[in-house]
Amino acid sequence: MRFPFVAANPMQEPFIWMEGGRDFRKDWPKAPFLDEEQYGLCMAAFPRVCSDIIAVHPQREGFYLARRIHHSAMGRWCFGGGQRRGQTPRDAAAANLRRETGIEVPPEKFTFLFATEMYWKHRNPQPQNLGEQCRVLTYCFVPTNQEVANIKLDPNEYDPEHGVQLYTKRGIYNILEPTGELLRMYWHAAFG
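All figures in this text were calculated on a predicted structure; none of them were measured in a lab.

**Description of the confidence of the model for the chain**
Then comes step 1: Overall, the predicted model of the chain reaches an average pLDDT of 88, with 94% of residues at or above 70.
Then comes step 2: Looking at the elements of the chain, mean pLDDT is at its lowest for strand E3 (residues 75–77), recorded as 72, and at its highest for strand E7 (residues 165–168), recorded as 97.

**Points about the pattern of salt bridges**
Then comes step 1: Applying the stated criterion across every chain yields a total of eight salt bridges.
Then comes step 2: Here arginine 98 ties to glutamate 104 by a salt bridge, and the two come within 3.6 Å at their closest N and O atoms.
Then comes step 3: Residue arginine 98 is classed as partly exposed on the basis of its relative accessible area, which comes to 38%.
Then comes step 4: With a relative accessible area of 51%, glutamate 104 lands in the exposed category.
Then comes step 5: Put simply, arginine 99 and glutamate 100 hold a salt bridge, and the shortest N to O gap is 3.4 Å.

**A few points about the side chain of histidine 57**
Then comes step 1: Its place among the elements puts histidine 57 in strand E1 (residues 48–57).
Then comes step 2: For histidine 57, a relative accessible area of 16% translates into the label buried.
Then comes step 3: Polar contacts involving the side chain of histidine 57 include one to the main-chain amide nitrogen of arginine 60, which spans 3.1 Å.

How each quantity is defined
- Residues numbered from 1 in each chain as written.
- Predicted model: local features only at pLDDT ≥ 70, side-chain atom pairs only at ≥ 80, totals over all residues.
- Heavy atoms only, no water.
- pLDDT = per-residue confidence, 0-100.
- Helix = DSSP H or I, 4+ residues; strand = E, 2+ residues; numbered from the N terminus.
- Salt bridge = Lys/Arg side-chain N within 4 Å of Asp/Glu carboxyl O.
- Buried < 20%, exposed > 50% of the residue type's maximum accessible area, 1.4 Å probe, protein only.
- Polar contact = N/O pair within 3.5 Å; in protein donor to acceptor, adjacent residues only side chain to side chain.

Right, here's the structure in full:
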């Protein structure tokens, strides 16, 4: 059984509204696959919507973090990524967590923590110098010790030498990368 987590000072989760009050997403055509150039143009034209996930250790008041090695989210960071057309933010969080860690968490088991508007100088798709604007909804959950031990990180996205490490308040306050400021805000939202 998964240990529930209640954040100390979470933000209000965005309300999901659907025209006519019914979920019609299953009738949408599948979103097209875009090659790197087309995807880059879309990213330059519109903000990207992301759902990120923080694995929390409530007793030690810490976050399990990995070190991203590519733009836009370089530095120590939580797991996550883009939200696809038709996904709710929680659906995207569950899919991103499964893709990046192999951990299966039902969307309703996440605790909403924080909403952030992010602006990055660089991004991973070419051309990197166009930067990236993201609207990020951050969720958290409590992993089991076995789940943490079994995480296999993609070496193209994460530093395999760093792996997944537990960062308590002191460790988070020692993070010098620009993402450290965000992680400190997340920590206070989670633990007060």
